Amino acid sequence: MQPILEVKNLVKQYRELFAVNDVSFAIEAGQCFGLLGPNGAGKTTTIEIMEGIIKASSGQVLYQGKPVTSAIAQQIGIQFQHTALQDFLTVKETLDLFSSFYQHSLPHEKLIDLCDLSEFLNRDNRLLSGGQRQRLLLALALINDPEVVFLDEPTTGLDPQARRNFWQLIQNIKAQNKTIVLTTHYMDEAEQLCDQVVVMDHGKIIEQGPPNDLLTKHFGHVFVYLPTEQVPSELVSEHSWQINNGKVEIVSENVESTLSMLIAKQVPLEQLQVKSANLDDLFLKLTGHSLRE
Ligand SMILES: Nc1ncnc2c1ncn2[C@@H]1O[C@H](COP(=O)(O)OP(=O)(O)OP(=O)(O)O)[C@@H](O)[C@H]1O
C-alpha cells in the first residue's frame, strides 16, 4: 500500500545549524504517527515542511505519492496556536468564519459532536479554558474534512484531566479513519495514541517503529523499586544498584528470581514497586539524557 505521506532525506539548514538532518519516514493512511523529541529536536520544522508552510533545503515530502505544494492546504488540517482565535467572536461564530475559508467544510453539528463543543458554543473565545480552546482549535483543524490532521504539541500546558479528555477526542478522530501526525514531548501521550513513532534528537532520527516494539527491542527487563532504608547497604553495593529519590532501583531480567533473592535476604517487600520501561526510559537509553533536560 502506498503511504499517504512520505518524507525522503529531508534537510533544513539555517546557516551552520541543521534543524533537520537527513530525515526519512513513511506514514500509512489511518495511522496516528508521532514525532517525538526534546525542545529543539527538529519536530516543528519537520512538520511545517510537511504542511507546505516552510521549504526544505533538500529532500522531498510526498503526499499520496506526489510532491507537496501549497495546494495541500485544502486537503490537510492544521491545529493552529490559540493566537489564531479572534477576540470578541464566539465559538460558533469562529466555526462560521473558518468554514468560509474552504471550498468544502464539515457540517458544524458533526464538528461540535466530535470535539465536544456544545457546552460552550456561545462563549467568547477569550473566556475559554485551556482545554476548551484546544478542542475548538481541533475542530478548526477538522473543518475542511481533511485526510490528514497535523497537531503540534496539542496538550502542552493542559492539566492532566484536560489532557486525558483531549486524548479521547484524538481517538474519536482516528475512528473516522483520519491520519494524525502529532508532535509531543510527552511520552505517555505517544504510548497512548501513536501506532508509529519517530524519535528525533538534534535534527536526526535516532529510532522509529511502533512504541511497544521499540520497548521490547530495547528493554528485556523491568525496574523494581524498594525504599532505601529497607535494603541492606551491602546488598546494594554487591549488586551495584542505583539509588534515586530515596529508592533502590533494581534492574531485573526476571522478576521471580529477583523477588526470591530479596525474600531469601529477608528484605521487606510491602512497599515494593515494579515498573516496565516506557518511552522516557528509551529516550534516556538512546541519547544519554532525559527528554525534560
Ligand atoms: N527560522 C529559524 N531560524 C534559525 N533557526 C531555527 C529556525 N527555526 C528553528 N530553528 C532552530 O532549529 C532547531 C529545531 O527547531 P524546532 O522548532 O524544529 O524544534 P522542535 O523539536 O519543534 O522543538 P520545540 O519542542 O521546542 O518546538 C532549533 O535549534 C531551533 O532553534
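Computed from a predicted model, the values in this text were never measured in an experiment.

Asks: Account for helix 2 (residues 91–99), with residues named and values stated.
Replies: Along helix 2, the residues that are buried comprise V91, T94, L95 and F98. Mapping the buried residues of helix 2 onto a view down its axis gives an arc of 100 degrees, with all of them on the same face. Those residues of helix 2 that are buried are in contact with helix 3 (108–114) and helix 4 (130–141).

Asks: Give me the lowdown on the site of the ligand, citing residues and values where you can.
Replies: Around the ligand, the neighbouring residues are Y14, L17, A19, G37, N39, G40, A41, G42, K43, T44, T45 and H185. Elements with a contribution of two residues or more to the shell around the ligand: strand 2 (17–27) and helix 1 (43–50). Per-class residue counts for the shell around the ligand are four nonpolar, seven polar and one charged.

Asks: Residues and numbers for the pairing of strand 11 (residues 222–227), please.
Replies: Of the pairings in the sheet, the one linking strand 11 to strand 13 (residues 247–252) comprises six bridges and is antiparallel in character. Bridge pairing in strand 13 links F223 to V251. Summarising the sheet, strand 11 and strand 14 (residues 273–276) pair through four bridges and their orientation is antiparallel. Within the sheet, the bridge partner assigned to V222 lies in strand 14 and is S276.

Asks: Which residues make up the sheet that holds strand 10 (residues 204–209), and what values go with them?
Replies: Taking strand neighbours across the sheet as the criterion, the six strands line up as 6-7-8-3-9-10 in an open arrangement whose pairing is mixed. With partners counted over all chains shown, the strands left at the sheet margins are strand 6 (76–78) and strand 10, one partner each. Between one strand axis and the next, the sheet turns through 15 degrees on average, direction left out of account.

Asks: How would you sum up helix 10 (residues 279–287)? Please name residues and give values.
Replies: What helix 10 keeps buried is the set L279, L282 and F283. Seen end-on, helix 10 carries its buried residues on one side only, within an arc spanning 100 degrees. In this fold, the buried residues of helix 10 make contact with strand 3 (32–36), helix 6 (187–193), strand 9 (196–201) and helix 7 (211–218).

Asks: Would you mind going over the domain arrangement of the protein chain in detail, with residue names and values included?
Replies: Assigned domains of the protein chain: these are domain 1 (5–216) and domain 2 (221–276). Computed over C-alpha atoms, the centres of domain 1 and domain 2 are 41 Å apart.

Asks: An account of the pairing of strand 4 (residues 58–63) is requested, with residue identities and associated values reported.
Replies: On a regular strand, each side chain points to the face opposite its neighbour's, so the side chains alternate between the two faces of the sheet. Bridge analysis of strand 1 (residues 5–14) against strand 4 gives five bridges, and the strand direction is antiparallel. Counted as the bridge partner of K8 is Q60 from strand 4. As judged from the two bridges shared by strand 4 and strand 5 (residues 66–67), these two strands associate in the antiparallel manner. Looking at the pairing, Y63 lines up with K66 of strand 5.

Asks: Report on unusual backbone geometry, specifying residues and quantitative values.
Replies: Positive phi outside glycine occurs at H202, with the angle close to 50 degrees. Looking at where H202 falls in the secondary structure, it is placed in the loop between strand 9 and strand 10. The exposure class assigned to H202 is partly exposed, which follows from the 15 C-beta atoms found within 10 Å. Here the phi dihedral of N245 falls at roughly 50 degrees; this positive angle occurs in a residue that is not glycine. By the element assignment, N245 lies in the loop between strand 12 (242–244) and strand 13.

Asks: Please set out the environment of T287 residue by residue, giving values where relevant.
Replies: Summarising the element assignment, T287 is placed in helix 10. The class for T287 is partly exposed, based on 18 C-beta atoms found within 10 Å. Sequence spacing of T287 and V251 is 36 residues, and the spatial spacing of their C-alpha atoms is 19 Å. Leaving out residues up to four positions away in the same chain, T287 has contacts with D201 and I206.

Asks: Which residues make up the packing of helix 4 against helix 5 (residues 160–174), and what are the values?
Replies: Each packed pair of helices is defined by two parameters, the angle between the axes and the distance between the axes. With their axes 10 Å apart at the nearest point, helix 4 and helix 5 run at an angle of 20 degrees to one another. The pairing of helix 4 with helix 5 is recorded here as roughly parallel in orientation. Considering the relative orientation of helix 4 and helix 5, their crossing is right-handed. Contact residues: G130, G131, Q134, R135 and L138 in helix 4; A162, N165, F166 and L169 in helix 5.

Each value, and the rule that gives it
- The residue count restarts for each chain, going from 1 along the sequence in the order it is written.
- Reporting of local features is limited, given that this is a predicted model, to residues whose pLDDT is at least 70; pairs of side-chain atoms are given and counted only at 80 or more, and all residues count toward the totals for whole chains, interfaces and linings.
- Buried means a residue has 20 or more other C-beta atoms within 10 Å of its own C-beta, exposed means 12 or fewer, and partly exposed covers the counts in between; C-beta atoms are placed from the backbone.
- Only DSSP runs of H or I reaching four residues or more are called helices, and only runs of E reaching two or more are called strands; each is numbered from the N terminus.
- What the arc measures is the spread of directions leading from the helix axis to the C-beta atoms.
- Once C-beta atoms are placed from the backbone, any two residues with those atoms within 7 Å are in contact.
- Being near a molecule or strand means, for a residue, that its C-beta atom, positioned from the backbone, comes within 6 Å of it.
- Polar here means any residue outside two lists: the nonpolar Ala, Val, Leu, Ile, Met, Phe, Trp, Tyr, Cys and Pro, and the charged Asp, Glu, Lys and Arg; Gly therefore counts as polar.
- The pairing criterion for strands is at least two bridges between them, as found by DSSP.
- Every axis corresponds to a line fitted to the C-alpha atoms, with the helix fit spanning only the stretch in contact, and the corresponding angles, defined between N-to-C directions, vary from 0 to 180 degrees.
- Segment limits for the domains were obtained from an automatic or database-derived domain assignment.
- What sets the label is the angle itself: under 35 degrees gives roughly parallel, over 145 gives roughly antiparallel, 65 to 115 gives roughly perpendicular, and the rest give oblique.
- What makes a crossing left-handed is the near helix being turned counterclockwise from the far one by less than a right angle; a clockwise turn instead makes it right-handed.

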